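An overview of the molecular structure
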Amino acid sequence: VLLLCYTEEAAVIVSGLKNTDVFVGESATFTCELSYPGVKNVQWWLDGSPLHNNLVTEISEQDGMIHTLTLNDVACHDSGTVTFRAGSLISSAKLLVKGISLLE
């Protein structure tokens, strides 16, 4: 009998966060895919502040490996660095929220 035992240390980031540009009032989505499920201490950050599930911030996970952050109705002050941390694994990307110019 062959038992496959994946440890947290074996997990790697398969697909990291990507820089995202959106306009004020839109949603910004960041996705990070891990090689194995079950990595503990998963946390999302925006410019060093931890993010939590609420009306504006949607945090979800699929199959324990695909972690998604959606920031709804973003404002200019939301621009910054989004960071995903799972155990010792870290991925970061820039969020740029662009204002809508009234000048044509």
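These numbers come from a predicted model, not from an experiment.

Thoughts on the overall build of the protein chain
- What the protein chain contains, in helices and strands, is 0 helices and 9 strands.
- Within the span of the protein chain, comprising 104 residues, buried residues form 32% of the whole.
- Within the protein chain, contacts between residues separated by at least 24 positions form 61% of all contacts whose residues are at least 6 apart in sequence.
- Working note: accessible area of the protein chain is about 6,700 Å², and carbon and sulfur atoms make up 56% of it.

Quick look at the sheet that holds strand 2 (residues 20-23)
- Strand order across the open sheet formed by 5 strands is 2-9-8-4-5, with mixed pairing between neighbours. Two strands bound the open sheet, and with one partner strand each, they are strand 2 and strand 5 (49-50).
- Bridge count between strand 4 (residues 42-46) and strand 8 (residues 80-86): 5 bridges; the pairing is antiparallel. Within strand 8, the position partnered with W45 by the bridge is T83.

Quick look at the nonpolar core
- Within the largest apolar cluster, 21 residues are counted, with the highest numbers of intra-cluster contacts made by L17, F30, W44, V82 and L95.
- Taken together, the elements giving at least two residues each to this core come down to strand 3 (28-34), strand 4, strand 7 (66-71), strand 8 and strand 9 (89-98).

Remarks on the side chain of Q43
- Within the secondary structure, Q43 is located in strand 4.
- Reaching out from Q43, the side chain makes a polar contact with the backbone oxygen of L51 at a distance of 3.0 Å.
- Those residues in contact with Q43, other than ones at most four positions away along the chain, are P50, L51, H52, T83, F84 and R85.

Considering the pairing of strand 6 (residues 57-62)
- Where strand 6 meets strand 7, 6 bridges bridge the pair, whose relative direction is antiparallel. Along strand 7, the bridge assignment pairs E61 with H67.
- With antiparallel pairing between neighbouring strands as the criterion, strand 6 and strand 7 make up a hairpin whose turn holds 3 residues, including D63 at a positive phi of roughly 60 degrees.

Details of the sheet that holds strand 6
- Spatially, 1-3-7-6 is the arrangement adopted by the 4 strands of the open sheet, whose pairing is antiparallel. The open sheet has two edge strands with one neighbour each: strand 1 (13-15) and strand 6. Going across the sheet, the axis of each strand differs from the next one's by a mean of 25 degrees, ignoring polarity.

A look at the packing of aromatic side chains
- Scanning all chains against the criterion turns up 1 aromatic pair.
- Above the plane of the ring of F23 lies K98, whose end atom (NZ or CZ) is 4.8 Å from the centre.

Quick notes on the pairing of strand 7
- Buried residues dominate strand 7, accounting for 5 of its 6 residues.
- Judged from the 6 bridges that link them, strand 3 and strand 7 form a sheet pairing that is antiparallel. Across the sheet, the residue bridging to C32 is H67, located in strand 7.

Parameters and conventions
Residues numbered from 1 in each chain as written. Predicted model: local features only at pLDDT ≥ 70, side-chain atom pairs only at ≥ 80, totals over all residues. Heavy atoms only, no water. Helix = DSSP H or I, 4+ residues; strand = E, 2+ residues; numbered from the N terminus. Buried < 20%, exposed > 50% of the residue type's maximum accessible area, 1.4 Å probe, protein only. Contact = heavy atoms within 4.5 Å. Areas by Shrake-Rupley, 256 points an atom, 1.4 Å probe, with all protein chains shown as cover. Pairing = 2+ DSSP bridges. Core = buried A, V, L, I, M, F, W, Y, C linked by side-chain atoms within 4.5 Å. Polar contact = N/O pair within 3.5 Å; in protein donor to acceptor, adjacent residues only side chain to side chain. Axes fitted to C-alpha atoms, helices over the stretch in contact; angles between N-to-C directions. Phe/Tyr/Trp six-rings, centres within 6.5 Å; stacked < 30°, edge-to-face > 60°. Lys NZ or Arg CZ within 6 Å of the ring centre and 35° of its normal.

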